[in-house]
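Single-letter residue listing:
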Amino acid sequence: MDFAYDARTEEMRKKLQSFMDEHVYPAEAVADEQRTELESPWQTPPVVDELKKKARRYGLWNLFLPDRTYGAGLTNLQYAPLAEILGRSPRLAPTVVNCAAPDTGNMEVLTEFGNAEQRRTWLEPLLSGEIRSGFAMTEPEVASSDATNIETRIRRDGDDYVISGRKWYISGAMNPDCKIFIVMGKTDPDAPDIRRQQSMVLVPRDTPGLEVRRAMRVYGYDDHYHGGHAEIVFDGVRVPRSNLIGEEGGGFAIAQARLGPGRIHHCMRLIGMAERAVELMCLRANGRSAFGRQLAEQGQVREWIADARVQIEQLRLLVLKTAWLMDTVGNKGAHTEIQAIKIATPRAVVGILDRAVQLHGAGGVSQDFPLAELWAAARTLQLADGPDEVHQRSLARRELKRHAAGEG
Ligand SMILES: Cc1cc2nc3c(=O)[nH]c(=O)nc-3n(C[C@H](O)[C@H](O)[C@H](O)COP(=O)(O)OP(=O)(O)OC[C@H]3O[C@@H](n4cnc5c(N)ncnc54)[C@H](O)[C@@H]3O)c2cc1C
């Protein structure tokens, strides 16, 4: 077993780290400043577009996509440590190297399931970072962690599909650069196989009947850097049948395929967030005194820091093992491990961030440190892309079955 990163990963890590130090971290404050001068808070600050051009020139572009024709051709194991570095600046870094959700998952769907015309019209501008995209599955009226509950209707009408339904928490949709949605709905609600009732269609933002109604908040944050999270109403939205992705009835399977890489990318970035939290904790503990002692000398504080280091090392090993499995036995073969990291990582990182907030006192909950916002982002990942309990249920079911079959 070799625990070292390979030569290409090391080279890319160095390149990305110096890009972050030189360009990304200094741009965080610039982007905040520029936002105050934009016409709408949802627009992209100009510094982000400048950084995108630079990142592309440096060869730091589409790192998430293993497909060599369209992406950087890195394996999951090679991308994992890079995504971790990106996670240290979640507001800017993933976007400037074109590795931000939900675009990454949408590009993967179009690469794998899109036809030539769909790739030309939507995948190419997404790959070049000209436009952004949204993925519209969750609905306010039904428990959407069970995708078979989805009620949005996609009805055939001649050569068109007509879509009606209401979605919410559609990430990225408030940004006017978000030009295309992948929408999940039911084409055949009466199909006997409840996993063959759903389909996915491409819906351009400017289609009549599509209304981006309001911005949803996350613990009060609008998540403007991620293009917000919108409620969207589809009222008789008409698109040509050629906008179907894959086959009718194939939507559920595409959704499952989309979520594997998305989940591990979230976990990789979360580890980067936890590293940033530990760094801030150490700086604060070394630089502040209370009751005649440095905070760093308090046993309690040392325990927090030590526990955080232990947890990060554990999480990183499990994430790297999962990435290696995805590369070697495929996403299906890595199913248990993908669920394990999706349960373990947000939970542990929320705890680390919570203690980092505590150590910073009032500063921890303020806008002067990134900790409160990072905490909110990590906490939502216990819900998004499948709540913890849903993963636990499915993981336990497989474990019980294995032992019942005498394979334990
Ligand atoms: C910040 C953020 C961004 C998001 N971005 C997107 C996006 O871009 N596109 C999109 O389509 N959706 C998005 N979502 C929605 C997210 O994917 C859903 O919230 C998630 O799938 C859960 O669905 P739900 O909210 O309907 O919860 P429900 O399905 O109603 O579940 C609520 C709770 O019930 C419990 N529960 C459910 N099932 C089980 C079970 N089997 N066993 C035990 N307990 C259970 C869990 O505690 C769960 O948290 C986003 C959400 C957030 C918070």
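Residues numbered from 1 in each chain as written. Predicted model: local features only at pLDDT ≥ 70, side-chain atom pairs only at ≥ 80, totals over all residues. Heavy atoms only, no water.

Student: Please give an account of the overall build of the protein chain that cites residues and values.
Tutor: Check the secondary structure of the protein chain and you find 12 helices and 10 strands. Since a compact globule built from 408 residues should have a radius of gyration of about 22 Å, the 22 Å found for the protein chain is in line with a globular shape. Principal axes of the C-alpha set define a box for the protein chain whose edges measure 80 × 65 × 40 Å. Sorting the 408 residues of the protein chain into buried and exposed places 52% on the buried side. Carbon together with sulfur atoms contributes 51% to the accessible area of the protein chain, which is approximately 18900 Å² in total. Across the protein chain, the centroid of the 52 positively charged side chains sits 2 Å from that of the 56 negatively charged ones. (Helix = DSSP H or I, 4+ residues; strand = E, 2+ residues; numbered from the N terminus. Rg over C-alpha atoms; globule rule 2.2 N^0.38 Å. Buried < 20%, exposed > 50% of the residue type's maximum accessible area, 1.4 Å probe, protein only. Areas by Shrake-Rupley, 256 points an atom, 1.4 Å probe, with all protein chains shown as cover. Lys, Arg positive; Asp, Glu negative; His and termini not counted. Charge placed at Lys NZ, Arg CZ, Asp CG, Glu CD.)

Student: Just give me the short version of the pattern of salt bridges, but keep the residues and values in it.
Tutor: In total, this model carries 23 salt bridges according to the counting rule given. For aspartate 32, the salt bridge goes to arginine 91, with nearest N and O atoms at 2.8 Å. One end of the pair, aspartate 32, is in helix H1 (residues 7–35); the other, arginine 91, is in the loop between helix H3 (76–87) and helix H4 (93–96), with 59 residues separating them in the sequence. Where salt bridges share partners, they join Glu84, Glu275, Arg309, Glu313 and Arg316 into one cluster. (Salt bridge = Lys/Arg side-chain N within 4 Å of Asp/Glu carboxyl O.)

Student: Give me the side chain of glutamate 108: which residues, what numbers.
Tutor: Mapped onto the secondary structure, glutamate 108 falls in helix H5 (residues 103–113). Buried glutamate 108, no salt bridge; nearest opposite-charge side chain is arginine 258, N-O distance 6.7 Å. What glutamate 108 contacts, discounting residues up to four positions off in sequence, is Phe64, Leu65, Arg258, Pro261 and His265. (Contact = heavy atoms within 4.5 Å.)

Student: Tell me what's going on with the nonpolar core, and back it up with residues and numbers.
Tutor: Ranked by internal contacts, the top residues of the largest apolar core, which has 90 residues, are Leu63, Tyr79, Met200 and Ile245. Among the elements that line this core, the one with the most residues is helix H7 (residues 251–287), at 15 residues. With 20 residues, the next largest nonpolar core counts Trp42, Val201, Ala230 and Phe234 among its residues. (Core = buried A, V, L, I, M, F, W, Y, C linked by side-chain atoms within 4.5 Å.)

Student: So, the site of the ligand: which residues are in play, and what are the values?
Tutor: Close to the ligand lie 21 residues; Phe135, Thr138, Ser145, Tyr169 and Ser171 are nearest. With respect to the ligand, the side chain of serine 145 contributes an N or O atom lying 2.5 Å from an oxygen atom. Contact with the protein chains removes 69% of the 980 Å² of surface that the ligand exposes when unbound. For the shell around the ligand, the secondary-structure elements that each account for two or more residues are strand S1 (132–136), strand S3 (160–171) and helix H12 (388–404). (Near = heavy atom within 4 Å. Polar contact = N/O pair within 3.5 Å; in protein donor to acceptor, adjacent residues only side chain to side chain.)

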